[in-house]
Amino acid sequence: MAAAGALSEAAARLGRAVATAPQARLESVRALTGLFREAQPREMAEESMFRNLLEILMSTSSEIEQVCKDSCGSVDLHTCLLLIAECFRCLRNACVECAKNQNVMRNLGLISTSVHLIKLLHGIQIKEELLLTALRCSLQFLGNVAAGNGDSQNSIWKCAFPDLFLTCLAYDDQKIVTYCCMVLFNCLNSEKVRELLDPGNLTLTLHVLKVYKEQLETEWSFLIVTDHLLKCPELVEALYAKLSNQERVTLLELMMAKVSEKNPVTSEEMNVFMRHANFLAGCFQEKCEAVLKLTSAADAEDEEALVTIRLLDVLCEMTSNNRQLEHLQALPGLLETAIDTLRLTHLAGKQAVNIFTATHVMTGLEEISHPAVGFKSHLIRLIGNLCYKNKENQDKVYELDGIPLILDNCSIDDNNPCILYKRILIIEYDSQEEDACQSYSFEILTVDLLINWFCECLNLIGMTLFVNQWAVYAIRNLTEQNERNQELIAQMEEKGLADNSALESMGLEIEKRDDKLILRSVRKKPS
């Protein structure tokens, strides 16, 4: 009853103030704004209240238009801007979780009036915080009146698309940009997203991507891309063609975020992901050799190469999903391209010292900042995943001499953290603790057991930080139920011990005794 009485009194006061001076109107609107913070007054609000607010907005709009025309000194622009901001605060509050009020406002024409007023305020050539506040509140109102209300969304779209969105997204005010993104997000659906395919409207998607790139804390721009734009493969392809390499990296990072989500997906969403997979695989196959530019220190930030790296990242993540993996496994040329690129980068690293050259200094991971770090590792991950339970691809890697290539990359490498020893039969590990000794013995019968043992013994000696698990699992996937690939590895000739310097830097040493390789800690000699 108290709320009803307060609302009735505030409504009567507003009705009396409509034809009064701006300051009196401002106080009456403020009273309603406070009441509409609560759900009960919102539900009890009558149409007459919103009609009075509309009248105040329209009369104030006329006063501002008069100022713009002849700089009339009789109009207090300061108070007008305060009044407009307060009216929009009031309408914004009244919309919260109240479809009844949303519908009343739309039917009264408050949406079209608001859009007109926003355009008017944008045209005022003054730099005042009050002007920015009025614009922010107006966009907040449009965002709230659109929330969960299809008819209001359509009304805003009809009035605001694309000009108002383009204007506000380009504003030099982060809050205005953020609230504009909120309105755009609330209005978009699959039908409206397809309207963005029109060449004249594609500019809007470019603006959204630019907002995300420059203002990473703007969650609404992130959601516009991941929840709406990425659901239209045709739009993604059209947008990608228009982007600079820097912008492509940003788009691929957003795609990576979407692909990495663990939420269940519908068959329709999976079909979209497969369309994306086709497109990204084609882009990777076309531009993969660009990464070789990174062999030059002068080209360490080459943008086309960075795009190639991000393309590989997304493709790797896509192969982590079984349904997407099956689709990618069947794509013509992708596996061959991955093997060819691994061969080229591996060769480049041997021919000269560069980012693709294996290093053994065991640098802390936080010290490695080159964009190509891990690129060969990710190529091996992609190859391994494409061969998972796929006999045709396993055989294809064999025929392309890919198995020796992968094994040749299995060494301790700061640039692609990895280690893999072949033909180890028994290992003993001595604890560094004085008077304490632990031994671990394993008899290796098959390649599969070798790889499983390898992972286990590395855990025992605490070396998991330096293991490129993708190389281990790539070999596993290549040899699973494939006797020819297993025999190839088993028949490899023993060449002796590799360089021990990397192990020694970790306080470990390895020696051969008969058919044993002994890995132990290096005890410090007493000084």
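Above this note sits the structure.
Now for a look at the structure at hand. (Residues numbered from 1 in each chain as written. Predicted model: local features only at pLDDT ≥ 70, side-chain atom pairs only at ≥ 80, totals over all residues. Heavy atoms only, no water.)

Concerning the pattern of salt bridges
Close approach of charged atoms allows side chains of opposite charge to pair. Per the counting criterion, the structure on display carries 25 salt bridges. Put simply, Arg 25 and Glu 63 hold a salt bridge, and the shortest N to O gap is 3.6 Å. Of this pair, Arg 25 sits in helix H2 (residues 22-35) while Glu 63 sits in helix H4 (residues 47-70), placing them 38 residues apart in sequence. Overall, the relative accessible area of 23% leaves Glu 63 in the partly exposed class. Here Glu 317 makes a salt bridge to Arg 381, at a shortest N to O gap of 3.6 Å. With Glu 317 in helix H18 (residues 303-318) and Arg 381 in helix H21 (residues 375-386), the pair connects residues that are 64 residues apart, well separated along the chain. (Salt bridge = Lys/Arg side-chain N within 4 Å of Asp/Glu carboxyl O. Helix = DSSP H or I, 4+ residues; strand = E, 2+ residues; numbered from the N terminus. Buried < 20%, exposed > 50% of the residue type's maximum accessible area, 1.4 Å probe, protein only.)

Here we look at the packing of helix H13 (residues 202-214) against helix H14 (residues 219-227)
For the pair H13 and H14, the least separation of the axes is 9 Å and the interaxial angle reads 130 degrees. Considering the angle they form, H13 stands oblique to H14. The handedness of the crossing between H13 and H14 comes out as left-handed. Between H13 and H14, the residues in contact are Val 208, Leu 209, Val 211 and Tyr 212 and Ser 221, Phe 222, Ile 224 and Val 225, respectively. Among the residues making up the contact of H13 with H14, the classes are represented as seven nonpolar, one polar and no charged. (Axes fitted to C-alpha atoms, helices over the stretch in contact; angles between N-to-C directions. Parallel < 35°, antiparallel > 145°, perpendicular 65-115°, else oblique. Left-handed = near helix turned anticlockwise from the far one by under 90°. Contact = heavy atoms within 4.5 Å. Nonpolar A, V, L, I, M, F, W, Y, C, P; charged D, E, K, R; others polar.)

As for the packing of aromatic side chains
Going through the model one piece at a time under the given rule, you end up with eight aromatic pairs. A centroid spacing of 4.1 Å and a plane angle of 10 degrees characterise the contact between Trp 157 and Phe 161, whose relative ring orientation is stacked. Summarising the burial analysis for this pair, Trp 157 and Phe 161 share the class buried. Taken together, the aromatic side chains of Trp 157, Phe 161 and Phe 165 make up a single cluster linked through ring pairs. (Phe/Tyr/Trp six-rings, centres within 6.5 Å; stacked < 30°, edge-to-face > 60°.)

What to know about H18
The end-to-end C-alpha distance of H18, which contains 16 residues, comes to 23 Å, matching closely the 22 Å that a straight helix rising 1.5 Å per residue would cover. Within H18, 13 of the 16 residues are buried, which leaves it mostly tucked inside the rest of the structure. (Expected span 1.5 Å × (residues − 1).)

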